[in-house]
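Observations on the three-dimensional arrangement
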Amino acid sequence: MAAPTTKTPMMKVALYEGAGSEELSAVDRGAILKSLLEKGVAISCIRPGRSVTPPPGGQLLVLGRFNEAKPNEAEGENGVTVRFRDIAGLSVDQVGKIVDEVRGGTPAKPWKPWFPVIDYQRCTNCMQCLSFCLFDVYGAPGGKIGVENPANCKTDCPACSRVCPEVAILFPKYKAGPINGDEVREADISREKMKIDISALLGGDIYAALRQRSTDAKARFSKERDEKRAIAERKACLTKLQQTLQEALDIPAEVMNALPSMDMIKAKAAAAATANS
Amino acid sequence: MPDNARILYCHCAYAKVVPDEVKNDVLRRLAESGVAFDAVADLCELSAKRDPALNQLVEGVGPGNELRIAACYPRAVKWLFNAAKVPWPEGLEVVNMRVEQAEPIVQILLNGRPTDQPAPPEEEPAAV
Ligand code: SF4
Ligand code: SF4
């Protein structure tokens, strides 16, 4: 599965407030947690009697106001490196710097985790999503549809959820239900169907129709003597195009240009059918 | 907090879908309560990376060993775990920070869902 990767080893932070350490104030605890979560770090708040499971093969950074000596570094089970850092008297920023130092390596490029998630209670394995998506987000190893390359998905584009006849594709970070994971109601099913019908109304293939409009606008542009007027017209056309996309399918305009044509969809569907036969 | 219930908080760090005031208030209240809990920056990211941390989080969860998750829609969280090939055991309770308020969320995380307020039922696939 192609997914965003980080060059740094997996790290977990434990904010330790058990035996051999002093308790943090609620305000400090909250501020440290928030700041580390915003750095993308997973944290366990350890209280007396609670242990932490270290990440296999990774590193565990234990932060605390220790009142007994701790080794800087120790070997844990399953090849886990355990590091201890005393944070007594440190500001939230200084704690953040310690985490950055221990984490080392190149911080992963920020990636908004945007990818389709399949609700297999609804999915009928019809493969429409696989045929539709040109970016190979979907695959069907062993004949079962799955999301194989989530990082290939175009951020903020929920287009494939529109072609799923079962409303089985979720984007948890989408703004509205049922695509965001909210319950699926009968009305939602009809509405999703209606959206597909809208594309049919626009000539059977909304993308082809919209692309044609874009091409027409470009053609007009090349013929136009009055450049300013042509630019204004093209802008208006693109705005209209964007509005149509927004209203009909909620697909960002820049994503639309990369979407497959009807012929490409058919070719992918045929290839998928052959592969699974 | 009764029995062995554990708490997992998702900060939904890479999008604005969970209202800031709700997630920050939930985090603050959890920090103030002094309970032990796990917090992750973004469950979606862990799912996309099929991070083994997700497996660890549900280890040992079952009847009598609940895991209460503060995140978003239960259906989304359930299938995010599935996408990462992590089983969804009995004893998982998801509280939705997209629609609920901080105070009742924290009450459920700390004390469990009141019996007169059952969790939303498992979705029955609607007929097409
Ligand atoms: S289009 Fe929907 S029902 Fe068909 S395989 Fe994809 S997720 Fe499943
Ligand atoms: S699981 Fe829900 S709350 Fe958590 S990061 Fe994903 S969308 Fe946000």
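If you're wondering where the values come from, they're calculated on a predicted model, not measured in any experiment.

1. Considering unusual backbone geometry
Negative phi values dominate among residues other than glycine, just as trans dominates among peptide bonds. Going from Gly177 of chain A to Pro178 of chain A, the amide bond is cis rather than trans, its omega being 0 degrees. The phi angle at Arg50 of chain B is positive, at roughly 45 degrees, despite the residue not being glycine.

2. So, the packing of aromatic side chains
Residues and elements named next belong to chain A. The full count for this structure, using the stated rule, is seven aromatic pairs over all chains. Relative to Phe115, the ring of Trp111 lies with its centre 6.2 Å away and its plane at 15 degrees, an arrangement referred to as stacked. Just as Trp111 is buried, Phe115 falls in that class too. A connected cluster of aromatic rings, assembled from ring pairs, spans Tyr16, Phe66 and Phe84. Between Lys144 and the ring centre of Tyr120, over which it is positioned, the NZ or CZ distance is 4.2 Å. Note that Lys154 overlies the ring of Phe135, its terminal NZ or CZ placed 4.6 Å from the centroid.

3. Quick notes on the interface of chain B and chain A
Many descriptions give the size of an interface as the accessible area lost when the pieces come together. In this assembly, 45 residues from chain B lie in contact with 53 residues from chain A. Carbon and sulfur atoms make up 58% of the surface buried where chain B meets chain A, a total of about 4,200 Å² over both sides. On inspection of chain B and its partner chain A, the count reaches two salt bridges. Counting only elements with at least two residues in the side of chain B that touches chain A, the list comes to strand E1 (6-10), helix H1 (20-33), strand E2 (37-40), helix H2 (43-48), helix H3 (52-58) and helix H4 (74-83) of chain B. Per-element tally for the side of chain B that touches chain A: the top contributor is H4 of chain B, with six residues. Taken together, the residues of the side of chain B that touches chain A sort by class into 25 nonpolar, six polar and 14 charged. Summarising the sheet, strand E3 (residues 42-46) of chain A and E2 of chain B pair through three bridges and their orientation is antiparallel. Paired with Ile43 of chain A across the strands is Ala39 of chain B, a residue of E2 of chain B.

Calculation criteria
- Residues numbered from 1 in each chain as written.
- Chains lettered and ligands numbered in written order.
- Predicted model: local features only at pLDDT ≥ 70, side-chain atom pairs only at ≥ 80, totals over all residues.
- Heavy atoms only, no water.
- Phe/Tyr/Trp six-rings, centres within 6.5 Å; stacked < 30°, edge-to-face > 60°.
- Buried < 20%, exposed > 50% of the residue type's maximum accessible area, 1.4 Å probe, protein only.
- Lys NZ or Arg CZ within 6 Å of the ring centre and 35° of its normal.
- Contact = heavy atoms within 4.5 Å.
- Buried area = accessible area lost by both parts, 1.4 Å probe.
- Salt bridge = Lys/Arg side-chain N within 4 Å of Asp/Glu carboxyl O.
- Helix = DSSP H or I, 4+ residues; strand = E, 2+ residues; numbered from the N terminus.
- Nonpolar A, V, L, I, M, F, W, Y, C, P; charged D, E, K, R; others polar.
- Pairing = 2+ DSSP bridges.

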